[in-house]
Amino acid sequence: MENLIGLLVAAPLLGAALLLCGGRRLDGKGHLLGTALAVASFVIGAVLFADMLGRDEHDRALHSHLFSWIPVGGFRADVAFQLDQLSMTFVLLITGVGSLIHIYSIGYMEHDERRRRFFGYLNLFLAAMLLLVLADNYLLLYVGWEGVGLASYLLIGFWQHKPSAATAAKKAFIVNRVGDVGLSIAIMLMFTTFGTFAFAPVLSHATDASEGKLTAIGLMLLLAACGKSAQVPLQSWLGDAMEGPTPVSALIHAATMVTAGVYLITRSGAIFNAAPDAQTAVVTVGAVTLLFGAIVGCAKDDIKKALAGSTMSQIGYMILAAGLGPIGYVFAIMHLVTHGFFKAGLFLGAGSVMHAMNDEVDMRKYGGLRKYMPVTFVTFGLGYLAIIGFPGLSGFWSKDKIIEAAFAKGGTEGWILGGVALLGAAITAYYMTRVMLLTFFGEKRWGTTPSPEEPSAEPAAETAGAHAEPHPHESPKSMTIPMIVLAFGSVFAGGLFSLNDAFLKWLEPVTSHSHGDSPIGAATVTAGTMVVLLVGVGLAWAQYGRRPVPRTAPRGSLLTRAARRDLLQDDFNHVVLVKPGQYLTRGLVYVDHKLVDGVVNGTAASVGGLSGRLRKLQNGYARSYAVGMFAGTAALIAATLLMRAV
Amino acid sequence: MSHAATVHMLWTTASVSPDKIPSPDIEYGQLAPTLIVLGAAIVGVLIEALLPRRHRYAAQLFVSVVALAAAFAAVLGLAAGDYGTTKARIAAMGAIAVDGPALFLEGTILLVALVAVFTFAERRLDPAAHGNRVDSFAAQPAAVPGGEAEQAAVKAGFTTTEVFPLVLFAVGGMLVFPAANDLLTLFVALEVFSLPLYVLCALARRHRMLSQEAAVKYFLLGAFSSAFLLFGIALLYGYAGTVTYAGIADVVDGQVGDITPALAGTMGNDALLLIGGAMVLMGLLFKIGAVPFHMWTPDVYQGAPTPVTGFMAAATKVAAFGALLRLLYVVLPGLRWDWRPVMWGVAIVTMLGGAIVAVTQTDVKRLLAYSSIAHAGFILAGVIATTPDGISSVLFYLAAYSFVTLGAFSVVTLVRDAGGEATHLSKWAGLGRRSPLVAAVFAVFLLAFAGIPLTSGFAGKFAVFKAAADGGAGALVVIGVISSAIAAFFYIRVIVLMFFSEPRTEGPSVAVPSPLTSAAIAIGVVVTIVLGVAPQYFLDLAGQAGVFVR
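Thresholds, definitions, all that
Every chain is numbered on its own, with residues counted from 1 as its sequence reads. Chains and ligands are labelled by the order in which they are written, letters from A for the one and numbers from 1 for the other. Selection of residues for local features in this predicted model requires a pLDDT of at least 70, selection of side-chain atom pairs for listing and counting requires 80 or more, and totals for whole chains, interfaces and linings are taken over all residues. Where side-chain values are given, they derive from all heavy atoms of the structure, hydrogens and water being excluded. For two strands to be treated as a pair, DSSP must find at least two bridges joining them. Segments assigned H or I by DSSP are reported as helices when at least four residues long, segments assigned E as strands when at least two residues long, and all are numbered from the N terminus. Two residues form a contact once any of their heavy atoms are found within 4.5 Å. Fitted lines through C-alpha atoms give the axes, limited to the stretch in contact for helices. The angle between two N-to-C directions lies from 0 to 180 degrees. Here the quantity called buried area is the total loss of accessible area, with a 1.4 Å probe, experienced by two parts when brought into contact, counted for both. Whenever Lys or Arg places a side-chain nitrogen within 4 Å of a carboxyl oxygen from Asp or Glu, that contact is recorded as a salt bridge. By the criterion applied in these results, polar contacts are pairs of N or O atoms within 3.5 Å in which, for protein atoms, one can donate a hydrogen and the other can accept it, and in which residues neighboring in sequence qualify only through two side-chain atoms. Accessible area is worked out with a 1.4 Å probe on protein chains only. A residue is then buried under 20% of its type maximum, exposed over 50%, and partly exposed in between. Angle categories are assigned with fixed cut-offs, so that under 35 degrees is roughly parallel, over 145 is roughly antiparallel, 65 to 115 is roughly perpendicular, and the rest are oblique. Charged residues are taken to be Asp, Glu, Lys and Arg, nonpolar residues to be Ala, Val, Leu, Ile, Met, Phe, Trp, Tyr, Cys and Pro, and polar residues to be all remaining types, Gly included. The set of buried Ala, Val, Leu, Ile, Met, Phe, Trp, Tyr and Cys residues whose side-chain atoms join them within 4.5 Å is what this entry labels a nonpolar core. Any residue with relative accessible area above 30% and no salt bridge may belong to a patch, with like charges joined within 9 Å and the nonpolar Val, Leu, Ile, Met, Phe, Trp and Tyr side chains within 5 Å. All accessible-area figures derive from a Shrake-Rupley calculation using a 1.4 Å probe, and residue coverage is judged against the displayed protein chains alone. We treat Lys and Arg as the positive residues and Asp and Glu as the negative residues; His and chain ends play no part in the count. For this purpose, a charge sits on NZ of Lys, CZ of Arg, CG of Asp or CD of Glu.

Chemist: Would you mind showing me how to read the sheet that holds strand β4 (residues 420-421) of chain B here?
Modeler: In a beta sheet, neighbouring strands are held together by backbone hydrogen bonds and run either parallel or antiparallel to one another. Residues and elements named next belong to chain B. Pairing is antiparallel in the open sheet, where 3 strands are placed in the order β4-β3-β5. Either end of the sheet is taken by a strand with one partner, and the two such strands are β4 and β5 (509-510). Where strand β3 (residues 415-417) lies against β5, 2 bridges are found, and the strand directions are antiparallel. Counterpart to Arg416 in the pairing with β5 is Ser509. Strands in contact with helix α16 (residues 388-414) are β3, β4 and β5; relative to β3, the strand with the most contacts, it is inclined by about 25°.

Right, dumping it as C-alpha cells:
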C-alpha cells in the first residue's frame, strides 16, 4: 500500500510532463489524458482510503520513504510521504474536486486554443498540492507549497494577453512570496531549534523548546498561511486572481490551494498549542479576515469577486477555528471540506452563468436566469443554501460547530470571537442572498439595451460572437455533471460527517480534540445562528428582491464605496508598502550609483592608471632588466638579513 | 712541506691506489626517466648527423614521442613500485632524490612535454612555402633574417628539426632540476635545461628579429641570474662545508655530529647562510618569473615561437617550483622564520604586479605572460604555507596550470593573418562570431586562468589558498583573492571582446590545424574540465606525493 502513495503524486506529475513537454501532437487528446490521470489519482486515493478504513484507528498512518534528497552532515532532507487521516482527507478532496473540475474544464475550455497547456498546468497543480499534503517533513511541504504557488501563478495569468490577468498573476505571486519567506524562516528556525524538520520529531518534541522560539515559529507559519490562504494582511491578491479561468478559481482559489494555510496550522498544531501568543495571533487574523471578506463580498457586482470575498471570509472561519486549538482543529478541517464542495459548486455555477452570458461577470446585467438555466440554478441554489448554513445542509453542520467552539474559547475572548463569527454568518447570508437574487431572480437586465461596455475579450467569447446579444442557455453535460455531483456534496457531506461524530472520530487521532465548555448551550448557538441567518436573508431580500435593481451601481454609502475598493486594501498597500519601497529603492539606486559605482570605478581607474605606469618599467632594455634584478636581489638579501636582525 | 711536494703527493696518492676510489653506485632503474630522455636526445643528435633531411622530421617526431612516453611509463612504474612513498630514497650517490614530489613533477613535465612536442610538430597552420610544409621554426636559423641564405633555405625546404633533440635535452634538465639533491646538481640541471631553451627562443620563422632579441635577452638575464645562483651556492658551501641538501640542513639545524675545525669557524656565520640562501632563492625565482625577477618573461614569451612559449611557460614553471619547494622544505626548513616573511613580500608583489600590469596589455602573448607572473604569485602562496598541504596543493596547481597554459598558447597559434599569428588583442574582436568553437575553447582556458569553478583553475587556486590560510598566511590569501579579482577583469575582457564585439572586416582567420595541435588543445580542455569537475582523485594523488625525502 505504501507504494501507492508515490503514485498519487506521480500520476498528475506525469500528466503535467506529457502535456507541457509533449508539444502539439497532444493538442487533440491531451485534455482527456490530463483528466484521465487526475481521475486515476482519485481512484488510487479511494483505494488507499478503503485500505485505511480497514485498519485500526491508531494504526492508520502510512509512511513511504522514496529517497534521501539532501544528506549533508547533520542536515538530512528526505523525499518521504506520510499518509494519515488528515492527509487522506485532503487527498480525497483534492483529487475528487480536482477530477470534477478537470471534467468541467473539458467543456469550459473547449474553444481555447491553448487547452493542452491549461490541462498541463492543472495536472501540475494537482501534483504539487498532493506533494504539499503528503510530505512528511516541512522542507518537502515547502516544495509543494512553491509548486502550487507556481501553478496558481501560471493559471491566473493563463489568458496572458489580457494585461489585467498578467498583472493579477504577478500580484498573486509577489504577495505569496511574502508568505513564503515566513515559511522558509519557520523551517530554518525549526532546524536550529530541533535539528530536523520532519513532522514526527518536531511535533513530538515541540514542548521541549522555549515558548519564545515556538511563538516565533508559530508567527512565521501564520505569515505563510496568510499568504497562501489570502488572510489579512496578505489578502489583496485573491480578488484579482479571479482573472484566471473560472475552473481555476473553483479548484485553486476556492476549494484547495487557498486552504493550504489551514492545513499548515492544523498540521503544526503541537507548536501552536504550546505557543498561546501565536494562537491569539491566529484567531485575530481569522476573525478580522472573516469580517473583511464578508464586507467586501457584499459590495462586489462582479459575481466571481463576490464569491472570492466569500472564500476569504470562509477561510477566515477555518483559520479562526484552527487558532482555537484542539477544540477547533477538527471543525476547521470539516468546514474546509464542506466549503470545498459548496464553494467549488458555486464557482462552477458562476462559470456556467458566464459561459451562457458571453463572459459577462457583472451581476447587475444578469437577472431572471433561473428560467433559462435550470440545472445551474438548482445546483447553485443548493450551494447557496449550504454556505449560508441552511439547517441540514453541509455548511450548517460545519459552521455551527465553529461558532460554538469560538464561544467555548471562554472569557472575553470567547465572547468576542463568538460574536464575530455570528456576525459573519449574518453577513454571509446577506451577500449570498444578494448574489442569488441578482443572478437568478428578478427582471432580466440583459439584452434590452446594447451594452455600453466592451465585453471582456476571451477567446471563447470571440468565437461565440462577443458583441451579440446573449442567449442564455444551459451548459453542456460535461459542465453540469460536476456541478450536480458537487451539489450532492454540498447537501449531504456535512450531515454525513456529523452522523455519530464520524468526522471527529476519524480525525481525532491526528489532530486530537477536546470539548470546550461553551458558556451558552449548543441549542442556543444554533438558534442564534438561525436568527442572524434570517436577518441577513431578509435584509438582502428587502434591498434586492423587492425592488428592481439598477443596471449601473448606485453611488452607495462610504462603507459601500470602500468595500467596492476591497476596503482600500490596495490603497493601503500602496501608501504603506509601495511608496516607502520606491523611496528606499531610489535611495539605494542613488547610493549604488554614487557610492558603490564610485568606489568600483575609482578602483578600476586607479588599477588601470597604476598598470599604465608600471608598464613603463618594462622598457625592453636588457640592461634595465638586469638593474631591476640586481636591485631585487639586494632587496631580497637585505630583507633576509633584516628579518634575522629583528 | 713544500708546494711541489704537496702536488707530488697528490699525484702519487692518486696513482698509487686507484682501486681505492669507490666506483660510483648508480641506480639506473630509478633514474630511468631522465636517462631515457637524455638518451633519446643523443639519438636525435645522431639523426641530425646521419639521416637525410627529408626523413629527419618523421624520425625525430617518432623518437621524441616514444622517448617521452617511455619515460612517463617509467615514472608510473616507479610510482607503482612505491618509490614515491615508502621506498623514497636518494639515488646516484646523493645527487638525485627519488621521492613523491620528484615523481609527480617528473610525470607532469613529461606529459606537458609530450603535448608540447605535438605543437612543435604542427605543419599545417602556415601556408606551404615553395610546396613544402612549414612549421613555426626558421628554415635555417643561422641565416641572416631576410637575407639570401634564408630565402635559399626556404626554397630548398629546409626545416629545423633540431628542435626535437633540443626539447629533449631541456626536458632532461627539467627532470633533474626538481629532483636535484645537491646544489651542484641543481646548477647543472638548470644550465642543461636553460641553454636549449635560449636556442629554441631564437628559432621563430616569423618576426625573426623579435625572436632573436628575445633569445639574447633571455640568455643575458639567464646568465646573470645563474651567476647569482652560483655565488649563492659558493656561500652556502662556505657556510656548511658541503653542497648536499641534507648536509646543509643538518648544519642549519645544528645537528652535525662531527664538527671539523673548519666547519666550526663558519658554522656560526649566519651572514654566509642568509646571503647565500637569498641568492640561490633569487636564481630560482628568476626561472619562476616572480617579481622583481620577471622582466624577461613578457619579452621572451612574446618573441619566442608560440609552441616554445607554451612549453616554456608550462614546463619551466613546473621544474623551477619543484626545485624551489625542495630547497625551502629540505635545505632551509630550519630557516623558515627568516625566509617566510621575505617570500611573503615576493608573493604579494608578484601577484599584484602580474595582475595589475596585465590590465593594460594589448598583445595576447604578453597578456598570458603577465598572467603567468600572477599565477607564479598564487603558487608562491601555497609554497609559503610550509605544511604538507602546501606541497600537495602546489603540485596540483602546477599540473592544472601547465595544461591550461599549453592549451591557451596552442589556441594562439591558430589565429592568424597575413603576418603570421595575429596576437594583437584588437584583432581578436568578434572571434566568437566567426569561429565559435575556437573562441569557446579559449574562453574555457581563460575561465580556468581566472579560477572560475568547474575548471581546474578553481580547484588549484582553492587548494593553494586553503593551504596558505591553514598555514597562517590569511592576509596573503586576501591579497591573492584581490589579485584574482583584478586578473579576472582582463581574462573576462578577452571573452567579452571575442563574443560581444563586432568582428573586424580585416580580421584574422582561424587556421585549421592538423590532428597534432587539435590533440594538444583537446587534451588541455579535457584536463581543465576533469580537474575542475572531479579534482579529488588528483588532489589525493598529490597529497600522497607530498613528502620530500631527506
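Still more ground to cover, so stick around.
Chemist: Is there a simple way to explain the interface of chain A and chain B in this structure?
Modeler: How big an interface is tends to be reported as the loss of accessible area on association of its parts. Taken residue by residue, the interface counts 25 residues in chain A and 37 residues in chain B. Interface area, chain A with chain B, both sides summed: about 2700 Å², of which 75% is carbon and sulfur. Contact with chain B buries area across many residues of chain A, yet Met629(A), Leu636(A) and Arg644(A) alone supply 25% of it, more than any other trio. If you look at where chain A meets chain B, you find 2 salt bridges. Arg644(A) is the salt-bridge partner of Asp338(B), the closest N and O atoms lying 2.8 Å from each other. At the boundary of chain A and chain B, one finds 11 residue pairs in polar contact (both at pLDDT 80 or more).

Chemist: What's the story with the pattern of salt bridges in this structure? I'm lost.
Modeler: When the charged atoms of two side chains lie near each other, side chains of opposite charge can form a pair. Scanning the model with the defined rule gives 31 salt bridges over all chains in all. With a shortest N-O distance of 3.2 Å, Arg76(A) and Asp78(A) are connected by a salt bridge. With relative accessibility at 48%, the residue Arg76(A) sits in the partly exposed group. The residue Asp470(B) makes a salt bridge to Lys466(B) at a minimum N-O spacing of 3.4 Å. Taken together, the residues Asp470(B) and Lys466(B), both in helix α19 (residues 456-470) and 4 residues apart, mark about one turn of the helix.

Chemist: Any chance you could explain the packing of helix α4 (residues 115-134) of chain A against helix α10 (residues 246-255) of chain A here in plain terms?
Modeler: To describe two helices that pack against each other, one gives the angle between their axes and the distance between the axes. Residues and elements named next belong to chain A. Put simply, α4 and α10 touch, their axes get as near as 12 Å, and they point 5° apart. Taken as axis vectors, α4 and α10 run roughly parallel relative to one another. Here Phe118, Leu122 and Phe125 of α4 come into contact with α10, specifically with Pro247, Val248, Leu251 and Ile252. Broken down by class, the residue content of the contact of α4 with α10 amounts to 7 nonpolar, no polar and no charged.

Chemist: So what exactly am I meant to see when it comes to the nonpolar core here?
Modeler: A general trend in soluble globular proteins is that nonpolar side chains are found buried together. With 203 residues, the main nonpolar core has Phe120(B), Val171(B), Phe177(B), Phe311(B), Leu324(B) and Phe442(B) as its most contacted residues. Residues in contact with Leu324(B), not counting those within four places in the same chain, are Leu281(B), Leu284(B), Ile288(B), Met343(B), Leu380(B) and Val383(B). Membership of the second largest hydrophobic core comes to 191 residues, among which are Tyr104(A), Leu122(A), Ala169(A) and Ala241(A).

Chemist: Just to check I follow, could you spell out a negative patch on the surface for this structure?
Modeler: Taken together, the side chains of Asp56(A), Glu57(A), Asp59(A) and Glu508(A) present a region of like negative charge at the surface. Residue position: Glu508(A) is located in helix α21 (residues 502-511).

Chemist: Quick question: what am I supposed to make of the pairing of strand β1 (residues 62-72) of chain A here?
Modeler: Consecutive residues of a regular strand have side chains that alternate between opposite faces of the sheet. Residue and element names in this part refer to chain A. Where β1 lies against strand β2 (residues 75-83), 9 bridges are found, and the strand directions are antiparallel. Residue pairing across strands places Val72 opposite Phe75, the latter belonging to β2. What sits between the antiparallel neighbours β1 and β2 is a turn of 2 residues, in which Gly73 has the positive phi angle 55°.

Chemist: Explain the environment of Glu211(A) to me, please; I cannot follow it from the model alone.
Modeler: Residue and element names in this part refer to chain A. Secondary-structure assignment places Glu211 in helix α8 (residues 211-228). Looking at Glu211, the relative accessible area reads 41%, which means it is partly exposed. Taking the C-alpha atoms as reference, Glu211 lies 9.9 Å from Ala278; in sequence the two are 67 residues apart. Not counting chain neighbours up to four residues away, the residues in contact with Glu211 comprise Ala274, Ala275, Pro276 and Asp277.

Purely geometric numbers; function is a separate question.
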